[in-house]
Amino acid sequence: MQVNGTPLRTIWPVAGARAVDVIDQTALPHAFRVHRLHRLEDAAEAIRCMQVRGAPLIGVTAAYGLALALDRRADDEALLAAAHLLAATRPTAVNLRWALARMQSRLLPLPPAARADAAWLEAATIADDDVDQCRRIGAHGLQLLLAGRRGEARLEIMTHCNAGWLATVDHGTALAPVYAAFDAGIDVHVWVSETRPRNQGLLTAWELRQHGVPHTVIADNAAGLLLARGGIGAVIVGADRIAANGDVANKIGTCLKALAARAASVPFLVAAPRSTIDFACANGAAIPIEERAGDELRLLHGCDAAGVPGELRQLPATAAVANPAFDVTPASLVDRIISERGCCAADSLRALYPEQADD
Ligand code: MRU
């Protein structure tokens, strides 16, 4: 992806220093800022407060967080404590635990003196793998979209939340096929739902604008009407965890879009890499759903007329609110899952990953 014409990833090790830079997503879309992580605690806090967010990016940040920790102390006790701290930052996206497990199985067999350097290398490999997998998701997803076209002049896509470049290291998951289409010269337009309360849809709009992809932001509640009117070729979303039976945990509001898409006979597609699939989780009921702070609903964030960022209270501090951050879309409402290996029916994940057959 490019920001103001400069190619960039969402996370990168700082040349010549034991530190990592990330794009501070809490400042977007109003300001573009880079935030430096020096210590394990910085990485944990960046994940917790959503300076980095999106399942694949959370996993990569955790991997670098472990590398930062091992620079200070690399014995078993320190490694396990650091992994424990990072794992506790956010509960739903399984990529976090996947990345930590991969780091631990690479590092624990090594003598402590060799672990820090190996951790930096492994974190960089996880980041590179994520880029490659997302690029493949883009290619497979584009093929699927083109196969489903019925002669429409324009490819009309609806998405929810941000499953784009910002949620990964590059390319994105749900948006990867959109970028692939745009880069191939295909006329594509994206309907972007706001995704209250954290408004990740505004991040989607920001990154689509950076890439020049035509898009329109809608209120979350407008999705049903637009789908029923016709003209939208597919809904594509990402995922934070896909259970073995194909149930999909994704940003709150996803399930309503899946229901509306099914009612309107619009294909509902989920794009995610292997690191998002939890074969140890039998079905969606077993996926932990993150409950976030009520102030995410009580306060609004934006800029005033002079462009100064600030917050507005829309509910008193004592107002009772519930803020589940994710929902589960049953596999029966998912038409296809798109991964780096190709596409499959939601209830046939093992066809893409036959090596998982015995889990
Ligand atoms: O709470 P967030 O912003 O970290 O939410 C995760 C997501 O970005 C989405 O649910 C996304 O659709 C899946 S991650 C590519």
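Residues numbered from 1 in each chain as written. Predicted model: local features only at pLDDT ≥ 70, side-chain atom pairs only at ≥ 80, totals over all residues. Heavy atoms only, no water.

1. Regarding the overall build of the chain
Secondary structure summary: the chain contains 11 helices and 18 strands in total. In terms of overall size, the chain behaves like a compact globule, its C-alpha atoms giving a radius of gyration of 20 Å where 359 residues would be expected to give roughly 21 Å. Expressed along its principal axes, the backbone C-alpha trace of the chain runs to roughly 60 × 55 × 45 Å. Long-range contacts, defined here as pairs at least 24 residues apart, represent 73% of the contacts in the chain between residues at least 6 apart. One finds the centroid of the 34 positive side-chain charges in the chain at a distance of 2 Å from the centroid of its 39 negative side-chain charges. (Helix = DSSP H or I, 4+ residues; strand = E, 2+ residues; numbered from the N terminus. Rg over C-alpha atoms; globule rule 2.2 N^0.38 Å. Contact = heavy atoms within 4.5 Å. Lys, Arg positive; Asp, Glu negative; His and termini not counted. Charge placed at Lys NZ, Arg CZ, Asp CG, Glu CD.)

2. What about the packing of helix 1 (residues 40-48) against helix 2 (residues 55-72)?
With their axes 8 Å apart at the nearest point, helix 1 and helix 2 run at an angle of 165° to one another. Classified by the angle their axes make, helix 1 and helix 2 are roughly antiparallel. In this structure, helix 1 crosses over helix 2, and the sense of that crossing is left-handed. Contacts from Leu40, Ala43 and Ile47 in helix 1 reach Ile58, Thr61, Ala62, Gly65, Leu68 and Ala69 in helix 2. A class-by-class count of the residues in the contact of helix 1 with helix 2 yields seven nonpolar, two polar and no charged. (Axes fitted to C-alpha atoms, helices over the stretch in contact; angles between N-to-C directions. Parallel < 35°, antiparallel > 145°, perpendicular 65-115°, else oblique. Left-handed = near helix turned anticlockwise from the far one by under 90°. Nonpolar A, V, L, I, M, F, W, Y, C, P; charged D, E, K, R; others polar.)

3. So, helix 2
If you check helix 2, its first and last C-alpha atoms are 27 Å apart, about what 18 residues at 1.5 Å a residue would give, namely 26 Å. Of all 18 residues in helix 2, 16 are buried; the element is thus mostly enclosed. (Expected span 1.5 Å × (residues − 1). Buried < 20%, exposed > 50% of the residue type's maximum accessible area, 1.4 Å probe, protein only.)

4. Brief notes about the domain arrangement of the chain
Domain annotation of the chain identifies domain 1 (2-130) and domain 2 (140-356). Listed per partner, the contact involves 33 residues of domain 1 and 33 residues of domain 2. Summing both partners gives a buried area of about 2700 Å² for domain 1 against domain 2, and 58% of it is carried by carbon and sulfur. Considering only the surface of domain 1 that becomes buried against domain 2, Arg53, Thr92 and Val94 emerge as the three largest contributors, covering 22% of it. (Domains from an automatic or database assignment. Buried area = accessible area lost by both parts, 1.4 Å probe.)

5. A look at empty space enclosed by the protein
Under the criterion given, the structure shown has three cavities of 30 Å³ or more. The calculated volume of the largest cavity comes to roughly 180 Å³. Sorting the residues of the lining of the largest cavity by element identifies helix 2 and strand 11 (248-251) as the ones contributing at least two each. Counting residues per element, the lining of the largest cavity draws most heavily on helix 2, at three residues. (1 Å grid on protein atoms, 1.4 Å probe; cavity = no way out; pocket = protein on both sides within 12 Å on 5 of 7 lines; lining within 4 Å. Points joined across faces, edges and corners; volume = space filled by probe spheres on them.)

6. Observations concerning the site of the ligand
Taken together, 17 residues form the shell around the ligand, and within it Arg53, Arg90, Asp240, Asn250 and Lys251 come nearest. One nitrogen or oxygen atom from the side chain of Arg90 is found 2.7 Å from an oxygen atom belonging to the ligand. Separating an oxygen atom of the ligand from a backbone N or O atom of Asn162 is a distance of 3.1 Å. In isolation the ligand exposes 400 Å². Once the protein is present, 100% of that is buried. If you list the elements that add at least two residues to the shell around the ligand, you get helix 2 and strand 11. Of the residues contributing to the shell around the ligand, the split by class is eight nonpolar, five polar and four charged. Residue assignment places the shell around the ligand across two domains, with domain 1 (2-130) and domain 2 (140-356) each supplying three or more. (Near = heavy atom within 4 Å. Polar contact = N/O pair within 3.5 Å; in protein donor to acceptor, adjacent residues only side chain to side chain. Areas by Shrake-Rupley, 256 points an atom, 1.4 Å probe, with all protein chains shown as cover.)

7. Thoughts on helix 3 (residues 76-87)
A rise of 1.5 Å per residue sets the reference length of helix 3, with its 12 residues, at 16 Å; its end C-alpha atoms lie 16 Å apart and thus fit the reference within 8%. Among the residues making up helix 3, those that are buried are Ala78, Leu79, Ala82, Ala83, Leu86 and Ala87. Buried positions in helix 3, seen along its axis, are confined to an arc of 165° and lie on one side of it. Counted as exposed and oriented over 90 degrees from the buried face of helix 3: Glu77 and His84. (Arc of directions from axis to C-beta.)

8. Quick look at the sheet that holds strand 7 (residues 188-193)
Here seven strands make up an open sheet; going across it, the order is 8-7-6-9-12-17-18 and the pairing mixed. Edge positions in the open sheet fall to strand 8 (215-218) and strand 18 (342-344), since each of these has one partner strand only. Strand-to-strand twist in this sheet, taken as the mean axis angle between neighbours without regard to direction, amounts to 25°. Sheet topology places strand 17 (residues 336-339) next to strand 18; three bridges connect them, and they run antiparallel. (Pairing = 2+ DSSP bridges.)

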